[in-house]
Structure formats: C-alpha cells, structure tokens
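# What the coordinates show
One-letter residues, chain by chain:
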Amino acid sequence: MSTDEHKSGFVSFVGRPNAGKSTLTNALVGQKVVITSDKPQTTRTVVRGIVHRPDAQLILVDTPGLHRPRTLLGERLNDLVATTLGEVDVVAVCFPANEKIGPGDRFIATEMAKVKRTTKVAIATKTDLATPEQIGKHLLNIQALGAEIGVDWAEIVPVSAKEGDQIALLQDLLVALLPEGPQLYPDGDLTDAPEEILVAELVREAALEGLRDELPHSVAVVVEEMRLREDRPEDKPLLDIHANLYVERDSQKGIIIGPKGARLRDIGTRARQQIVALLGTPVYLDLHVKIAKDWQRDPRQLRKLGF
Ligand SMILES: Nc1nc2c(ncn2[C@@H]2O[C@H](COP(=O)(O)OP(=O)(O)OP(=O)(O)O)[C@@H](O)[C@H]2O)c(=O)[nH]1
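Residues numbered from 1 in each chain as written. Predicted model: local features only at pLDDT ≥ 70, side-chain atom pairs only at ≥ 80, totals over all residues. Heavy atoms only, no water.

The name given to the protein chain in an unreviewed UniProt entry is GTPase Era, with Nocardioides lianchengensis as the source organism. As its UniProt record puts it under Function (unreviewed entry), the protein chain is described as follows: "An essential GTPase that binds both GDP and GTP, with rapid nucleotide exchange. Plays a role in 16S rRNA processing and 30S ribosomal subunit biogenesis and possibly also in cell cycle regulation and energy metabolism." What UniProt records for the protein chain under Subunit (unreviewed entry) is the sentence "Monomer." (UniProt positions renumbered as here; feature names shortened; annotations may be inferred.)

A few words now on the overall build of the protein chain. Within the protein chain one finds ten helices and nine strands. Counting the 307 residues in the protein chain, one finds 51% classified as buried. Long-range pairs, those at least 24 residues apart, make up 71% of the contacts in the protein chain with a sequence separation of at least 6. With an accessible surface of roughly 15,100 Å², the protein chain has 50% of that area assigned to carbon and sulfur atoms. (Helix = DSSP H or I, 4+ residues; strand = E, 2+ residues; numbered from the N terminus. Buried < 20%, exposed > 50% of the residue type's maximum accessible area, 1.4 Å probe, protein only. Contact = heavy atoms within 4.5 Å. Areas by Shrake-Rupley, 256 points an atom, 1.4 Å probe, with all protein chains shown as cover.)

Turning next to helix H1 (residues 21–29). In terms of burial, H1 is largely enclosed, as seven of its nine residues are buried. By the burial criterion, the buried members of H1 are Lys21, Ser22, Leu24, Thr25, Asn26, Leu28 and Val29. Phi turns positive one or two residues past the end of H1, at glycine 30, with a value near 90°.

What follows covers the packing of helix H8 (residues 250–257) against helix H9 (residues 262–279). Running from N to C, H8 and H9 cross one another at 60°; their axes reach a closest spacing of 5 Å. When H8 is examined against H9, the residues Ile255, Ile256 and Ile257 are found in contact with a partner set consisting of Ala262, Arg263, Leu264 and Ile267. When its residues are assigned to classes, the contact of H8 with H9 shows six nonpolar, no polar and one charged. (Axes fitted to C-alpha atoms, helices over the stretch in contact; angles between N-to-C directions. Nonpolar A, V, L, I, M, F, W, Y, C, P; charged D, E, K, R; others polar.)

This part covers the sheet that holds strand E9 (residues 283–291). Taken together, the three strands give an open sheet; going across it, the order is E7-E8-E9, and neighbouring strands pair in mixed fashion. Of all strands in the sheet, those with a lone pairing partner are strand E7 (220–228) and E9, marking the two edges. Strand-to-strand twist of the sheet, defined as the mean angle between neighbouring strand axes without regard to direction, takes the value 15°. Pairing geometry for E7 and strand E8 (residues 239–247), over eight bridges, is antiparallel. Its bridge partner lying in E8, valine 223 is registered against alanine 243. Against the sheet, helix H6 (residues 195–208) engages E7, E8 and E9, with an angle of about 130° to E7. Where H9 meets the sheet, it contacts E7, E8 and E9, and its direction lies at approximately 135° from that of E9. (Pairing = 2+ DSSP bridges.)

Given two aromatic rings, their pairing is described by the distance between the two centres and the angle made by the two planes. Inspection of every chain in the model, using the stated rule, returns one aromatic pair. Measuring from centroid to centroid gives 5.9 Å for phenylalanine 95 and tryptophan 153, while their planes differ by 85°, and the two rings are edge-to-face. Residue phenylalanine 95 is found in strand E4 (residues 90–96), and its partner tryptophan 153 is found in the loop between helix H4 (132–149) and strand E6 (155–158); the two are separated by 58 residues along the sequence. An identical accessibility class is assigned to phenylalanine 95 and tryptophan 153; each is buried. Of note, arginine 229 hangs over the ring of tyrosine 284, and the distance from its end group to the ring centre comes to 5.6 Å. (Phe/Tyr/Trp six-rings, centres within 6.5 Å; stacked < 30°, edge-to-face > 60°. Lys NZ or Arg CZ within 6 Å of the ring centre and 35° of its normal.)

To continue, consider unusual backbone geometry. With a phi close to 60°, lysine 126 is a non-glycine residue in the positive phi region. You can call lysine 126 partly exposed: its relative accessible area is 23%. Positive phi, close to 60°, is recorded for aspartate 231, a residue that is not glycine. Residue placement: aspartate 231 occurs in the loop between E7 and E8.

Side chains that carry opposite charge are capable of pairing whenever their charged atoms lie near each other. Counted by the stated rule, this structure contains nine salt bridges. Arginine 16 is the partner of glutamate 99 in a salt bridge, and the nearest nitrogen-oxygen pair spans 2.8 Å. A residue pair is termed long-range when its members are at least 10 positions apart, and glutamate 99 in the loop between E4 and helix H3 (103–114) and arginine 16 in the loop between strand E1 (7–14) and H1 qualify at 83 residues. With a relative accessible area of 34%, glutamate 99 lands in the partly exposed category. Between aspartate 105 and arginine 16 there is a salt bridge whose closest N-O contact spans 2.8 Å. (Salt bridge = Lys/Arg side-chain N within 4 Å of Asp/Glu carboxyl O.)

Structural data, given as structure tokens:
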C-alpha cells in the first residue's frame, strides 16, 4: 500500500438499547468519550469518537438506541438515527452475544436493509458473557437473519469491548471498508462534542446509577454555566460548573435528592470525579434538581433541554 492511500470515513453503531455500542466506541477510541450505563436508552446525543491511525481516520458516530417511537422524544431519536445512517460509510449493527436475537434486533436490521447505499457490518458484542458454542450459534443466526431480510453483511465480527478482545481486528476491518480520504480532524481530537455536553452526560450517568424502571427516561441534564473561577493562582485553577438535573414529577425529584440530600451529594461526588478525569482540572460542581413537567412530550421543553 502506498503511503498516500489515506482513508477516512464515518462509522455508526446501531443496535437495540444496551447492546454495548457506547462501550465499543470507547474501546476503539481507547478512552472514555461517551457515557455507558446498564440502563437502556441512555445515549441521547450523537457523540463522535475519533480513531487516529497513520493510515486512516475512523470517525465513530454513536447513535441512540433505535427503537419504535413511544413518545415525542422517541420520534426525534428515530429521525436522528435515520438521518445519521444515510450519511455514514459503514453501519455496524451490534447483537449482544449473551442474548438471543429478538424482535428488537430484527426491527433494527430490517430498518438497516432500507439504507441501501451504506456498507453493513454485524458485530457480536459482549462475547465474554457467552460460551464458544453460544458465540458460534449466534454468528450463524446473524448470518441467517441477514439472508432472510436481504442485508449482505460485509463482515460478521465477534468482540468483547470489556476484555478488549478482537477490538484491534475490528478496527482493521472497519478501516478496510472506508473510502480513500484525507485526515478530517486534527491529531489528538477524540470527539467533537462540546465539553458542556460531555459534562452533562457524565452527570446524567452518575444520576442514573442505581435507578430502576421508568425514571432513567425522565432525567435530563443541562450545564448552565462552566467557567474558571477568577482570582485563582495559575497553577491552582478551579472550574465552576453549574448544572440542572431535570425530572418530570415531584416524586422523581425526591428520588434523585434522596434522604437528607444524600443521593444528590453522592451523584455530585461521582460525577465530579469523572469530570476531573475528563478535563484534567479540579472542579467545583453545583447541582440543582428541577421539575420540567412532562418534558418528554413537550416540544418547547425538549428544545430547551437540547433535543
Ligand atoms: N461483560 C460485558 N459487558 C459489556 C460489554 N460491552 C458493554 N457491556 C455492558 O453492557 C451495558 C450497556 O452498554 P452500553 O455501551 O451503554 O450500551 P449501548 O448500546 O450504548 O446502550 P444505549 O445507550 O442504551 O443504546 C453496560 O452495563 C456495559 O458495561 C462487554 O463487552 N462485555
């Protein structure tokens, strides 16, 4: 291969909620750039992770879990997913190896079949949670599903993002599918999401830990202000961050705040540690819980919350 054959392009991971898309993005980039959670549907913004290699630049677009619209928010997410898929070079569908292929996977793969132009890859994720026999059967099922609905997988790759297993191979295979093209982002850029969005996502992630049922869908975070505190010595900077956690109902506010504010304090501590790790600056984090009544169904509120 000649050295001027540089490749660049966009890859989008899709899959049902919790399929491991965010974890895989982080594993490929080699650093945490998108939040992960064991709650479905936590990814709401399209954050790109960027893999820099001498021969290629691989830009990962992390789409929200594709699902049938339930609320207005759901419809917007689906619009976003459809738009994203038409614009990328490769769509990689994630099928968790520790679970059978179900109606959700079938729905997504069928949607995928409609995006004709884009190369499709299948990824069997979370292989550390399955036996070799299960993985083998899973790969055959993925192939059969493709044949049934008319999707011709360019590759079917089993990986474990958690163990780092086959991640390098996946990177090579994805690069091979990219068109020739120049470097699109400067060296060192890992994502083009604004810092406020990353910070809001980290707060949301901390708030979701330990929550059950419907509440995860009801939490939104907006960073209201983020600036370096004045009058600090240059070698001891402090970043002041003010963020609002929005919930839909009074009862949910109580859950987030917890007895005597204990849960909110805990959210703040955990989020702060992650933000410091991301930005490399000491942080003072001020969190407030607010009610935005039924925000998921209200277009005005959705806009205000950044959707
Ligand atoms: N054991 C194991 N767990 C994994 C692996 N990849 C992801 N997980 C876990 O699966 C859960 C979901 O992972 P995410 O990466 O957030 O999934 P997602 O597809 O981005 O989820 P949504 O944002 O809901 O669409 C988290 O608890 C992860 O820790 C893996 O390779 N092995």
